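Each chain is listed here by its residues.
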Amino acid sequence: MTQAEPTDVVRHHETVVTPPGEHDITDGGPDMVQFLDAEGNRLETNETNAPYAEIVEALTPEDGRAMYRDLVLVRRVDAEGHALQRQGELGLWPSLLGQEAAQVGAGRAMREQDYAFPGYREHGVAWCKGVPPENLLGMFRGVNNGGWDSNANNFHLYTIVIGNQMLHATGYAMGIQRDGAVGTGDESRDAAVMAFTGDGGTAQGDYNEALVFAGVANAPVVFFVQNNQWAISEPNYKQFRIPPYLRARGFGFPGVRVDGNDVLASYAVAKAAMDAARAGQGPTLIEAFTYRMGAHTTSDDPTKYRVAAEVDIWREKDPIKRMRGFLETKGYADAAFFDAVDAEADELAARIRKACQEMPDPELPTMFDDIYVDEHPVVAAERAEFVSYHSSFEGEGAH
Amino acid sequence: MAAQNVPTGSVQRLTLAKGLNSGLRAAMKADPKVVLMGEDVGKLGGVFRITEGLQKDFGEDRVIDTPLAEAGIVGTAVGLCLRGYRPVVEIQFDGFVYPAFDQIISQVAKMHARSLGALRIPMVIRIPYGGGIGAVEHHSESNEAYFAHTAGLRVVTCSDPGDAYWMMQQAIASDDPVIFYEPKRRYHEKAEVDLDERAGAPLGLHQAAVRREGTDVTLVTYGPMVKTCLQAAEAAAAEGISLHVLDLRSLSPLDLPAITEAAKRTGRVVVVHEASTFLGMGAEVASLIQQECFYHLEAPVLRVGGYNIPYPPSRFEEEFLPNLDRVLDAVDRSLEF
């Protein structure tokens, strides 16, 4: 089949629509909000980043150090999860390597009362929301299906079915509206929601319905799409013809592309969007342009579908290297600080490892717990049968 | 005090549709966290007018006209539950629930368990179901077995105006998610209902109801087929056959004590429903009865239901749907053993 000539409609948007089978995954283009170059030098204010410059300017050196610390610790959490899977302690681990800045930027833009709805790779957002990292391990170890109280930190359980959570986030935001917790000007009351998914998630029906509902309701929700360029083995051009940030307009609200490897930019864009949502100005879609450096999960083999040269290009854009460069250039941090963060990461890793290895297997009958709030006779009967069956082995010796 | 002598004056003759409407209204009055959502539920009052007048009285924030997207309706309702609301969502017709199937099965049913009991999804999903109204395709299905098969969901169905009124309120009060099936061809059936809250619900949401006492053969049924079975019992009585009619009301959980009692009473059971019999509710009921009542049975448990084909064009539906003759034929076969 020959490639059809672009229609007039497409020509009107030729800067937008990529030809099928083509896209540049290394360059976010002129629309991408960026504050740090690859070495961590502060970029001049330009037309694209100007709306967010004030937010970045308001950051203190201490904020910068705190962001750097988050990046390093989150990477270490991820590395430990990966190692624990390789050692047989976890059944699976979805790595966030390369996406630390996007997640820390988004996470730090949230206030305590804001609610996050993650996919299953948002370990960095969990960190920023105060979820103990070891709590993330239970579901990957197979002892539970989500081992944290989502209301304790306003961080919902991980959602495995791609895109389901985008609707939960939107509904939660509609609840915030009904509670009158938006646009009051009270910083401790006004709340918003952040919903996380990847580039693959943008193809899902639930994602698109969530954007429709959010737009119609003008709900206080920020959709944070981490475009890490790969949906398992499928590149962006198998997911969409125009990038997510440009599609937002079709749903009736703004879309912004941000450099997801630049923590300052990710934070500034996320904060502006969350502030707007809390103020009653409705949703924003943020496309964090980033890269998944590792496999989709530990079950995946990225060498089958992508070339090493591509990974090398992105290694140069490393978010931690970039932030460190910024802090050093500005003189905001010294060697002692970086050493202390590394030491803290070592301690954190040891803590996670210990917690993982000491995580007990659940008592077997608990698999019948909490299926229903009120007793369900079928579940109750099966539980009793199960307990009776197992007790029939008592006295038969160890097995 | 002569309170006990105060006449309630609250007994009204209502259609099943009005019973549902009144039940919704009572629940919304009782709890400001109850919100209704669905396509056309606002000004129009739903295509069957079940939500008629509610938006006018409770406002657009509580009776929400949604975009035309079923996954969106159910998925956003999950989020509202997480924020402390009790959404009652309307799926316009049985055959339109499938776009929301993923949300219901993957999220609504499992979130309480996944959160180790920390999160609750007190949602009611209303589905007008069943055939017999001459509708076009996708408007006449009985898909209750899909949901009854899924742990974490409660599945119920009303068969008369009184149950419509009380079961709706009980379903909304339930902290578990409830799939609430409404027999659309019975929407206009009338009966007297005591709306006084002091009267209370005569039965729990999970309980079956004996609709007619009998001694020869037990009919186990629910929803739109209850009326059909009662008519069959009338006809059988004229021939000297006494049919016992049990209305399941709850499909998950099943009221096992009520089922075994009804089965043992006659030793002969015919299960009647509109859905295809293959892997339908009747299969489960028959299996439970043979497991629990084997020595009481005089005949194999028989099933009368839809054939194992897609719901057919409406010119076929009189033959597809169980009717008096097919029920009575099964009764005769049971008695022949």
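Treat the numbers as computed from the prediction; the structure is a model and nothing was measured.

### Quick notes on the UniProt feature "domain: Transketolase-like pyrimidine-binding" (unreviewed entry) in chain B
When the UniProt feature table is mapped to this numbering, "domain: Transketolase-like pyrimidine-binding" (unreviewed entry) covers residues 14-189 of chain B. Between the first and last C-alpha atoms of residues 14-189 of chain B the distance is 8 Å; the span itself is 36% helix and 18% strand.

### A look at the sheet that holds strand 3 (residues 221-227) of chain A
Residue and element names in this part refer to chain A. Reading across the sheet, the 5 strands line up as 1-2-3-7-6 and stay open at both edges, with parallel pairing between neighbours. In this open sheet, the two strands that pair with only one neighbour each are strand 1 (115-117) and strand 6 (255-259). The average undirected angle you get between the axes of adjacent strands in this sheet is 20 degrees.

### As for the confidence of the model for chain A
Averaged over chain A, the pLDDT score is 93; the fraction of residues at 70 or greater is 94%. Segment residues 1-14 of chain A is flagged for pLDDT under 50; beyond a separation of four residues in sequence, or across chains, it makes 3 contacts in the model.

### A short note on the pairing of strand 5 (residues 124-129) of chain B
All names here are of chain B. Burial within strand 5 is extensive, with 6 of its 6 residues counted as buried. Every second residue of strand 5 is oriented toward a common face, with Val124, Arg126 and Pro128 on one face and Ile125, Ile127 and Tyr129 on the other, all of them buried. Two strands pair when backbone bridges link them, and strand 4 (residues 86-90) and strand 5 are joined in this way by 3 bridges, in the parallel orientation. Each bridged residue has a counterpart across the sheet, and for Val89 the counterpart in strand 5 is Ile125. Inspection of the sheet shows strand 5 paired to strand 7 (residues 178-183) by 6 bridges, in the parallel sense. By the bridge assignment for strand 7, Pro128 is matched with Glu182.

### What to know about the domain arrangement of chain B
Residues and elements named next belong to chain B. According to the domain assignment, chain B consists of domain 1 (12-194) and domain 2 (209-336). Domain 1 and domain 2 are separated by 26 Å when their C-alpha centres are compared. On the side of domain 2, 23 residues touch domain 1, which itself brings 27 residues to the contact. Here domain 1 and domain 2 share an interface that buries about 1,900 Å² over both sides, 49% of which is from carbon and sulfur atoms. For Asp160, the salt bridge goes to Arg211, with nearest N and O atoms at 3.5 Å. When residues of the side of domain 1 that touches domain 2 are traced back to their parent elements, those giving at least two are helix 6 (144-148), strand 6 (154-157) and helix 7 (161-173). When grouped by side-chain class, the residues that make up the side of domain 1 that touches domain 2 number 11 nonpolar, 8 polar and 8 charged.

### Structural notes on helix 8 (residues 164-178) of chain A
All names here are of chain A. Taking 1.5 Å as the rise per residue, helix 8 with 15 residues should run 21 Å; its terminal C-alpha atoms sit 22 Å apart, in good agreement. Most of helix 8 sits inside the fold, with 13 of its 15 residues counted as buried. Trailing helix 8 by a residue or two, Gly180 shows a phi angle of about 70 degrees, which is positive.

### What to know about the confidence of the model for chain B
Any residue range with low pLDDT should be treated as having predicted coordinates unsuitable for detailed reading. Per-residue confidence for chain B gives a mean pLDDT of 96; residues scoring 70 or more make up 98%. In the model output, the complex is listed with pTM 0.95 alongside ipTM 0.95.

### Comments concerning the nonpolar core
Core analysis: the largest hydrophobic core is formed by 153 residues, its most contacted members being Phe223 and Met323 of chain A together with Phe147 of chain B. Broken down by element, this core gets its largest block of residues, 10 residues, from helix 11 (residues 263-278) of chain A. Excluding residues within four positions of it along the chain, Phe147 of chain B makes contact with Val97, Phe101, Ile104, Ile105, Ile127, Leu153, Val155, Ile179 and Tyr181 of chain B. By size, the runner-up hydrophobic cluster in this structure holds 26 residues, among which are Ala17, Ile50, Val63 and Phe180 of chain B.

### What to know about the side chain of Gln99 of chain A
Residues and elements named next belong to chain A. Within the secondary structure layout, Gln99 lies in the loop between helix 3 (61-86) and helix 4 (100-108). Given the relative accessible area of 1%, Gln99 is considered buried. Among residues more than four places away in sequence, those in contact with Gln99 are Arg121, Gln226, Asn228, Thr290, Tyr291 and Arg292.

### Here's the deal with unusual backbone geometry
Note the cis peptide between Ser252 of chain B and Pro253 of chain B, where omega equals 0 degrees. Note that Pro253 of chain B resides in the loop between strand 12 (250-252) and helix 9 (256-266). A positive phi angle, close to 50 degrees, is found at Asn218 of chain A, a residue other than glycine. Examined against the element boundaries, Asn218 of chain A turns out to sit in the loop between helix 9 (205-217) and strand 3. A positive phi angle, close to 55 degrees, is found at Leu279 of chain B, a residue other than glycine.

### Some remarks on the packing of helix 3 of chain A against helix 14 (residues 335-357) of chain A
Residue and element names in this part refer to chain A. Where helix 3 meets helix 14, the axes come as close as 9 Å, and the angle between the chain directions of the two elements is 35 degrees. Two packed elements cross with a definite hand, and for helix 3 against helix 14 that hand is right-handed. The residues of helix 14 that touch helix 3, namely those facing Arg65, Tyr68, Arg69, Val72, Leu73, Arg76, Val77, Glu80, Ala83 and Leu84, are Phe337, Phe338, Val341, Asp342, Glu344, Ala345, Asp346, Leu348, Ala349, Ile352, Arg353 and Cys356. Of the residues in the contact of helix 3 with helix 14, the class split is 14 nonpolar, no polar and 8 charged.

### So, the interface of chain B and chain A
With 43 residues of chain B in contact, the opposing surface of chain A contributes 37 residues. A combined buried area of about 3,300 Å² lies between chain B and chain A, and 58% of that area is made up of carbon and sulfur atoms. When residues of chain B are sorted by the area they lose upon contact with chain A, Thr76, Arg83 and Arg114 of chain B head the list and together hold 21% of the total. Applying the counting rule to chain B against chain A returns 3 salt bridges. As a salt-bridge pair, Asp61 of chain B and Arg178 of chain A come within 3.9 Å of each other at their nearest N and O atoms. Breaking the side of chain B that touches chain A down by element, the ones donating at least two residues are helix 3 (70-82), helix 4 (101-108) and helix 5 (111-114) of chain B. Ranked by the residues each element gives to the side of chain B that touches chain A, the list is headed by helix 3 of chain B, at 10 residues. For the side of chain B that touches chain A, a count of residues per class yields 18 nonpolar, 14 polar and 11 charged.

Reading guide: rules and limits
Residues numbered from 1 in each chain as written. Chains lettered and ligands numbered in written order. Predicted model: local features only at pLDDT ≥ 70, side-chain atom pairs only at ≥ 80, totals over all residues. Heavy atoms only, no water. UniProt positions renumbered as here; feature names shortened; annotations may be inferred. Helix = DSSP H or I, 4+ residues; strand = E, 2+ residues; numbered from the N terminus. Pairing = 2+ DSSP bridges. Axes fitted to C-alpha atoms, helices over the stretch in contact; angles between N-to-C directions. pLDDT = per-residue confidence, 0-100. Contact = heavy atoms within 4.5 Å. Buried < 20%, exposed > 50% of the residue type's maximum accessible area, 1.4 Å probe, protein only. Domains from an automatic or database assignment. Buried area = accessible area lost by both parts, 1.4 Å probe. Salt bridge = Lys/Arg side-chain N within 4 Å of Asp/Glu carboxyl O. Nonpolar A, V, L, I, M, F, W, Y, C, P; charged D, E, K, R; others polar. Expected span 1.5 Å × (residues − 1). Core = buried A, V, L, I, M, F, W, Y, C linked by side-chain atoms within 4.5 Å. Left-handed = near helix turned anticlockwise from the far one by under 90°.

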